[in-house]
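Coordinate analysis (summary)
Chain by chain, the residues:
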Amino acid sequence: MAYLLNYTRKPISKQLYDPKLAYSMHLAVSEDGREYCALNHNSGILYAKATENEDGSLNPKSLKNPWLFPVAEGHYGVAAIRIEGDGEDDEESRGRVLLFETENLTEYREIGLLKLGTEYIERVACDYLPESDTIRIVWKERTGECFMSQIGNLGEGKLIQAPTGSEDIFEADNYAGRALAEPGIEGAVPQNAIEITAEIAGELRRNLLTPVNTGLEFSERITASNPKELNQYRAVALYSDGSSASKKVDWDLSKVDFGKKGVYEITGRVHQEHYKFPIAPNRADPCIGKWNGRYYFIATNDADNNHTLYIREADSIPELLEAEEHLLLDCDTYPGIGGLLWAPEFHEINGRLYIFHAATPGEFFYEESHVMELKEGGNPVCKEDWSAPRRVVRKDGSDICEAGKEITLDMTCFEWEGIYYAVWSQRQFLPKDLGAWLYIARLNPDEPWKLLTNPVVLSKPEYGWANNHTFVDEGPFALPGEGKLFLTFSSAAVDTSYVIGVLTIEKGKDLLDAGNWKKKNYPILTSRSVEGEFGTGHNAYVTDEDGNVWNTYHARPGVDGVRSSGIRRVHFNAQGEPVLDMTEELDVKEEYGSVKTLLTVI
């Protein structure tokens, strides 16, 4: 038997952990009910969704005093008090509680508000009654009065019994939860704890803790006739969640004579690239592309207030770090292309190389997505070999949105099941600022500055981690998985609040139907994921010659540091989902980095 603690946190500061993050449900597991291990970097797992107005604008919401409880057939429910994003009373939630349901304690469905009375509710508790297949719900109003009722089906969220009052109902053992001593977790405000099986606790650890290297496997005997043939053999690194990763080995062959047949004992080290953060100060929104066997690096240039784009070229990703920078574009090169040269990305479409980026003639409110094309046989580091930027338009050539009132930026492109798509961030400022939303449309691969379908809203910044300090979903980038497509994106302000969220869709489903996409309740990379990196976001992916997927991103080396580029290997966990916070130390532990085998030279 194990225990699962549900808690919220005390807000720290606007920069480190403010109300929109602290007022969410956090989870921790324990074997003895006393010492708890915080999950997900001591960050929220469950957030209340914002409500939407008729004009599409959002009203941010948070939650307090959540109560986690088991229900029939291995499902769980959560009842909580919905509040405004900053923690104030939510008038719409007066006399109501917010209900959720989950099957795995990591993915939650928000059912909605359940009306209990007319007064503000301070506390709520629930338990499942198997004999009647109902849920007993108990609540305490701000007046001090306590009531009890029953819910039939959690998914319907309706009372099936008139409330009855009781003065001491919360004193009963059933509603006190376990004795919640201080769990030893920074900022934790304990709510309740439930018993769970050791198997469920293990599954939660595997899903909500960063995988750690726990071992290494390699063949006891291998055969080769020359050093190059050794490259076919890979070590398999094992991880705490049950996943694995193939690793190249750097061999010590000083005692091997490939001109002489025989058996040799050889040793080696798991090959690992070392990228110390930051790899490029003052470079945000980084992207590495591969073209004709070479690698290219490009990023937003914060050093000159986003007035230039420079490109680097090298034979390998590590060599990009010291490669020479070549000027690609500045705000004086073309008429109509001024400052704010943002978020450049390399994309290969039908065998041609393109750069998608945002630019404006001058003012911020005219920022729009553009595409540049490399001429046939052109050199990517030669600016004369690139076309002038073209503004992305609809199929009929009309503008995606009205410049001066709306902006588009961070456009990305990808191919999925034989079709090219574009996803971008679009923000209406006039007549009312609606925040930045993600849009998707099919893209014309022959003229990739043209959409083939009308834009569809894909995501809005509805959770507290996405509307923190500002309402923004931006920086999308696609990552194909096993039978799934992952679309990561960045949310919140470009300060320490910046985070990376993820949308997922299964193969065979229509990408233009937003209902087919599943958004994770919580971000997968934040300021709490890797020590010393704040405001992580705006990432892109590249696959190297060994099949490793790398995530390029920007973060701040300190709360007040400048936006700077970083790179880290993408690990895929036991469920096939991307892990973006596996540092080099977790990827290959020192004690598992060595390899020994018998080599037969033939």
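Residues numbered from 1 in each chain as written. Predicted model: local features only at pLDDT ≥ 70, side-chain atom pairs only at ≥ 80, totals over all residues. Heavy atoms only, no water.

This part is about the side chain of serine 149. Along the polypeptide, serine 149 turns up in strand 12 (residues 146–151). If sequence neighbours within four positions are ignored, serine 149 has contacts with Ile135, Arg136, Ile137, Trp139, Leu159, Gln161, Ala162 and Pro163. (Helix = DSSP H or I, 4+ residues; strand = E, 2+ residues; numbered from the N terminus. Contact = heavy atoms within 4.5 Å.)

Moving on, we get to the side chain of threonine 504. For threonine 504, the location among the structural elements is in strand 36 (residues 499–506). If near-sequence neighbours (up to four positions away) are discounted, threonine 504 is found in contact with Lys484, Leu485, Phe486, Asn516, Trp517 and Lys518.

Taken together, Phe364, Phe365 and Tyr366 make up a surface patch of nonpolar side chains, about 250 Å² in accessible area. Secondary-structure assignment places tyrosine 366 in the loop between strand 27 (352–359) and strand 28 (368–373). Its relative accessible area of 36% is what places tyrosine 366 among the partly exposed residues. (Patch = residues over 30% accessible without salt bridge, like charges linked within 9 Å, V, L, I, M, F, W, Y side chains within 5 Å. Areas by Shrake-Rupley, 256 points an atom, 1.4 Å probe, with all protein chains shown as cover. Salt bridge = Lys/Arg side-chain N within 4 Å of Asp/Glu carboxyl O. Buried < 20%, exposed > 50% of the residue type's maximum accessible area, 1.4 Å probe, protein only.)

Using the criterion set out here, one finds 36 salt bridges in the structure. In this structure, the salt-bridge partner of arginine 82 is aspartate 90, at a minimum N-O distance of 2.9 Å. Comparing arginine 82 with aspartate 90, the two get one shared label, buried. Put simply, glutamate 447 and lysine 450 hold a salt bridge, and the shortest N to O gap is 3.5 Å. What makes glutamate 447 partly exposed here is its relative accessible area of 29%.

With that out of the way, let us pick up the state of the cysteines. Counted according to the given criterion, the structure contains 0 disulfides. With no disulfide of its own, cysteine 126 lies closest to cysteine 146 among cysteine sulfurs, the gap being 14 Å. The thiol sulfur of cysteine 287 is not disulfide-bonded, and the nearest other cysteine sulfur, from cysteine 413, lies at 12 Å. (Disulfide = S-S within 2.5 Å.)

This part takes up the packing of aromatic side chains. As enumerated under the stated definition, the model contains 15 aromatic pairs in all. Centre to centre, the rings of tyrosine 275 and tryptophan 550 are 5.3 Å apart; their planes meet at 80 degrees, and the pair counts as edge-to-face. Here the residue tyrosine 275 occupies a position in the loop between strand 20 (262–270) and strand 21 (280–281), and tryptophan 550 occupies one in strand 39 (residues 549–556), the gap between them amounting to 275 residues. The same class applies to tyrosine 275 and to tryptophan 550, which are both buried. Taken together, the aromatic side chains of Trp342, Phe364, Phe365 and Phe429 make up a single cluster linked through ring pairs. Positioned over the ring face of tryptophan 449 is arginine 390, at 4.1 Å from the centre of the ring. (Phe/Tyr/Trp six-rings, centres within 6.5 Å; stacked < 30°, edge-to-face > 60°. Lys NZ or Arg CZ within 6 Å of the ring centre and 35° of its normal.)

These figures capture arrangement, not role.
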